[in-house]
Amino acid sequence: MSLSGPLERWNFAWVNGEPVRLAQSFEIVNPATGEQVGRAPKGGKKLTLQAIDAASEAFQTWGRTLPEERARVLHGWADRLLQHQAELALLMSLEQGKPLEEAEGEIEGSARFIRWYAEEAKRIYGETLPGSRAQQRIMVWRQPVGVVGMITPWNFPAAMVARKVAPALAAGCTVVLKPAKQTPLIAIAMFAQLIASGLPPGVANLVTGDAAAIGDTLLGDRRVRKISFTGSTEVGKRIMQKAADQVKRLSLELGGNAPVIVFADADLDLAAEAIVSNKFENCGQVCNGINVIYAQREIQAALCDKIAARVRSLKVGLGTEPGVQMGPLIDEPARAKVTQLVADAKAKGAQVITGGHCIEGAAYERGYFYAPTVLAGVTADMALTQEEIFGPVAPIASFDEEQEVLDRCNETPYGLAAYVFTRNLSRIYRMSEGLEFGMVAVNGTSLSVPQAPFGGIKESGMGREGGHHGLDEFLELKYVSLTLVE
Ligand SMILES: NC(=O)c1ccc[n+]([C@@H]2O[C@H](COP(=O)([O-])OP(=O)(O)OC[C@H]3O[C@@H](n4cnc5c(N)ncnc54)[C@H](O)[C@@H]3O)[C@@H](O)[C@H]2O)c1
Ligand SMILES: N[C@@H](CC=O)C(=O)O
């Protein structure tokens, strides 16, 4: 497949069903090579207002389309994403750096979310409640929120688009989406497939450029009734403050600090396999990715050996090369942060079991590569236990008692995901009930499926994506009290 074709094509925004090119554009760089892979329009307030105008106009009709029609368009979108899976995966790998296999899986997963919501569009049911007077009838309706502003991150640049746009369109909302500056191309290409599926003009719009100007325009416009944001807790908090001015509805999918707790009775091979696959997916840049591994003291050494053996065998390189299992970090600030966190841990006594350094050399000359790393002897005073690492570093700490580890895990202000490995059923319940996180996985580490409510509590955000809960994020309740008259 030609690499130049798919890359240079996607250099526009989408407004009212049309591609929009601007005089000014910004560069998108392959994090594995430092080479430019494309350009996207440098839009701001004007472009965003045009997109809101289009979305607002389109809502007047899309909000009243039959659910079957919305489902037809969404199924068409999923079909087209799968027809173009290889091309889209290549585009994603080139602008984001992840291995092709992961990128292909992300396109497939996006299609699964879209199909699930295509079907859920048909199940937007209301309620009839008993009245309080003989003549009273009470109905509860669920109606689309309206125009939704969406802001997505770079780490899952296709899945995050699908997980927001599909339920919004299923609910009858219209959207203005801003992808991350590092990864706009895959979003632009996905919108091309959505629009080609017969979506009426203006229902889905996409703008790129100045994040603050676009965000502030979405937040300041009363026609935008909701903001759905996925990204860092820092930016999420700023959006929440600004949304207060108009009491806009919010969904915030923010950062995490996921612990995995491995008890002495666990299947250690199963745990090691699942931990490595979670921790090193997408070079450790996963919101629900494991941050710290808590191993019960008597099995700590054995678990560390099993994890390190698997980590040493990971093949690192350009995501587009066959067999590569881990690509680069997204940019130099991300690599500098990982370097600094590892240096801090080493200075405070952590032992480097494997990795612990940037990868240099001809093949990696201009990419942001960091070696897959395992650290042992990790303690609570090390910054990487408190902060979201977002990189390929697996820190192992030890614990003695169940209550002690539960308290340590709950100390974090984050609350997205937690993982537990044990065979003891009573302990499974105690831990699942006690962990202050929005999601708990037991004896496994994968969480993201269309039918389940993905999301966090505390400073990891509010609202859910996935499941019928994810559809409710785009619906308002209306209570209608009807009094019968003669
Ligand atoms: N909870 C979840 O489901 C989930 C999923 C994926 C990623 N994340 C989190 O996302 C973070 C990584 O993504 P990131 O680095 O792209 O996050 P980020 O907060 O830097 O950026 C996210 C988005 O916000 C935009 N943005 C930045 N400043 C803005 C502003 N002032 N106004 C409006 N928009 C603005 C960015 O351009 C981007 O589109 C991690 O913390 C990760 O845990 C969470
Ligand atoms: N792992 C999550 C995304 C978080 O970064 C997912 O698969 O949805």
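Model, not experiment: these values are computed from the prediction.

## Points about the overall build of the chain
Working step 1: When its secondary structure is counted, the chain shows 16 helices and 20 strands.
Working step 2: Relative to the globule expectation of 23 Å for 486 residues, the C-alpha radius of gyration of the chain, 23 Å, shows essentially globular dimensions.
Working step 3: Dimensions of the chain along its principal axes, counting C-alpha atoms only, are 80 × 60 × 40 Å.
Working step 4: Each of the 486 residues in the chain was classed as buried or not, and the buried ones make up 52%.
Working step 5: A sequence separation of at least 24 residues applies to 72% of the contacts in the chain between residues at least 6 apart.

## Observations regarding the UniProt feature "active site" (unreviewed entry) in the chain
Working step 1: On the UniProt side, "active site" (unreviewed entry) is annotated at positions that read Glu253 here.
Working step 2: Mapped onto the secondary structure, Glu253 falls in strand β11 (residues 249-253).
Working step 3: Look at Glu253 and you get buried, because 27 C-beta atoms sit within 10 Å.

## Regarding the sheet that holds strand β16 (residues 393-399)
Within a beta sheet, neighbouring strands are joined by backbone hydrogen bonds and run either parallel or antiparallel to one another.
Working step 1: Read across the sheet, seven strands follow the order β14-β15-β16-β13-β12-β17-β18 without closing on themselves; strand pairing throughout is mixed. Looking at strand neighbours, the two that pair on one side only are β14 (351-354) and β18 (439-442), the edges of this open sheet. Strand-to-strand twist in this sheet, taken as the mean axis angle between neighbours without regard to direction, amounts to 25 degrees.

## Quick word on the domain arrangement of the chain
Working step 1: Segmenting the chain into domains produces domain 1 (13-254 + 460-479) and domain 2 (258-449).
Working step 2: On the side of domain 2, 24 residues touch domain 1, which itself brings 18 residues to the contact.
Working step 3: Looking at the side of domain 1 that touches domain 2, the elements with two or more residues in it are α4 (85-96) and α5 (100-120).
Working step 4: For the side of domain 1 that touches domain 2, a count of residues per class yields seven nonpolar, nine polar and two charged.

## Examining the environment of Leu7
Working step 1: Among the structural elements, Leu7 can be located in helix α1 (residues 4-9).
Working step 2: Along the sequence, Leu7 and Ala362 sit 355 residues apart, while their C-alpha atoms lie 25 Å from each other.
Working step 3: Ignoring anything within four residues of it in the chain, the contact list for Leu7 reads Val37, Gly38, Leu91, Leu94 and Leu185.

## Brief notes about the pairing of strand β15 (residues 373-376)
Working step 1: What you see with β15 is no split at all: Thr373 and Leu375 on one side and Val374 and Ala376 on the other are buried throughout.
Working step 2: Both β14 and β15 contribute to a ladder of three bridges, which runs antiparallel. Paired with Gln351 across the two strands is Ala376, which belongs to β15.
Working step 3: By the bridge criterion, three bridges tie β15 to β16 in an arrangement that is parallel. The residue bridging Thr373 from the neighbouring strand is Val393, located in β16.

## Describing the UniProt feature "domain: Aldehyde dehydrogenase" (unreviewed entry) in the chain
Working step 1: As recorded in UniProt, the sites labelled "domain: Aldehyde dehydrogenase" (unreviewed entry) are residues 24-480.
Working step 2: With 40% helix and 20% strand, the stretch residues 24-480 has end C-alpha atoms that lie 50 Å from each other.

The rules we used
Residues numbered from 1 in each chain as written. Chains lettered and ligands numbered in written order. Predicted model: local features only at pLDDT ≥ 70, side-chain atom pairs only at ≥ 80, totals over all residues. Helix = DSSP H or I, 4+ residues; strand = E, 2+ residues; numbered from the N terminus. Rg over C-alpha atoms; globule rule 2.2 N^0.38 Å. Buried ≥ 20, exposed ≤ 12 C-beta atoms within 10 Å, placed from the backbone. Contact = placed C-beta atoms within 7 Å. UniProt positions renumbered as here; feature names shortened; annotations may be inferred. Pairing = 2+ DSSP bridges. Axes fitted to C-alpha atoms, helices over the stretch in contact; angles between N-to-C directions. Domains from an automatic or database assignment. Nonpolar A, V, L, I, M, F, W, Y, C, P; charged D, E, K, R; others polar.

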